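# A look at the structure
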Amino acid sequence: MTVVDVTVPARAPWSAIIRAGQELTITDLGGNQAVDCLLYDAHDTAVRYSAADTIHAQGSIFLTTGSVLLSNEHTPLMTVVADTCGRHDTVGGACSKESNTLRYGHHTYSQHACVENFLIEGGRHGLGKRDLVSNINWFMNVPVEPDGTLGIVDGISAPGLAVTLRAETDVLVLVSNCPQINNPCNGFDPTPIRMTVR
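So, here's what we can say about the structure. (Residues numbered from 1 in each chain as written. Predicted model: local features only at pLDDT ≥ 70, side-chain atom pairs only at ≥ 80, totals over all residues. Heavy atoms only, no water.)

Before going further, it helps to examine helix α3 (residues 114–123). By the criterion of burial, α3 is predominantly enclosed, with seven of the ten residues buried. Those residues of α3 lying buried are Cys114, Val115, Glu116, Asn117, Phe118, Glu121 and Gly122. Against β2 (13–18), β4 (35–41), α2 (97–104) and β12 (171–177) lie the buried residues of α3. (Buried < 20%, exposed > 50% of the residue type's maximum accessible area, 1.4 Å probe, protein only. Helix = DSSP H or I, 4+ residues; strand = E, 2+ residues; numbered from the N terminus. Contact = heavy atoms within 4.5 Å.)

Structure follows, in structure tokens:
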């Protein structure tokens, strides 16, 4: 049974509490749209997604079917149960006014970014800047070269591709439908996404 089915506009934030056993499907409607994501235990937000624990436990910096998203307490928050894209980023981070200015010039400072989306949406749940941690970037392509360099490059997603996550406990999910227009993570043209909870 579908309990949530919403289209999140380009550049917008979204959040929901996904109950244990429910599945959240994120669908890339336009293709090549990065979806920044943070996870928190819905009953204790001090327990939150840990990129370091997740990467260490699975031995890979990329997420796909079977990846278990672990907390800073090394407890499972969600599991990727289906993935038609094939690979998602854990190291690229969230764009911010500050990082945009550093990377692309002072003329970008006024551009809205994922950190601002996280602060707006997180504020609805009592979260602030100190609660922001390294995030997941669904559908974002950040290859790492043999010499350790990485870059944000054209995505590998396409219209209609999706990733499905099963909640292993009650989880607060924060999403920023990435507004970035200065690099190819969104094909320089942010588009809507669909969030479905079953």
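What follows covers the packing of aromatic side chains. By the definition in use, this model includes zero aromatic pairs. Sitting over the face of the ring of Phe62, Arg87 holds its NZ or CZ atom 4.4 Å from the ring centroid. (Phe/Tyr/Trp six-rings, centres within 6.5 Å; stacked < 30°, edge-to-face > 60°. Lys NZ or Arg CZ within 6 Å of the ring centre and 35° of its normal.)

Moving on, we get to the pattern of salt bridges. When their charged atoms lie close together, side chains carrying opposite charge are able to pair. In total, this model carries five salt bridges according to the counting rule given. Note that Arg194 and Asp5 form a salt bridge whose closest N and O atoms lie 2.5 Å from each other. Here Asp5 lies in strand β1 (residues 4–8) and Arg194 lies in strand β13 (residues 193–197), a separation of 189 residues in the sequence. A residue is classified by how much of its surface remains accessible, and Arg194, at 32% relative accessible area, is partly exposed. Assessed through its relative accessible area of 45%, Asp5 is described here as partly exposed. (Salt bridge = Lys/Arg side-chain N within 4 Å of Asp/Glu carboxyl O.)

In space, the six strands of this open sheet follow the order β1-β13-β3-β11-β8-β7, with antiparallel pairing throughout. Taken across any chain shown, the strands that pair with only one partner, and hence form the sheet edges, are β1 and β7 (68–70). If you compare each strand with its neighbour and ignore which way they point, the axes differ by 20° on average. (Pairing = 2+ DSSP bridges. Axes fitted to C-alpha atoms, helices over the stretch in contact; angles between N-to-C directions.)

Our next topic: the nonpolar core. Of all hydrophobic cores here, the largest spans 31 residues; its most connected members are Leu24, Ile26, Leu39, Met78, Trp138 and Val173. Of all elements in the fold, only β2, β3 (23–28), β4, β8 (76–83), β10 (136–138), β11 (161–167), β12 and β13 reach the threshold of two or more residues within this core. Here this core gets four residues from one element, more than from any other, and that element is β11. (Core = buried A, V, L, I, M, F, W, Y, C linked by side-chain atoms within 4.5 Å.)

Don't take any of this as a statement about function, it's just geometry.
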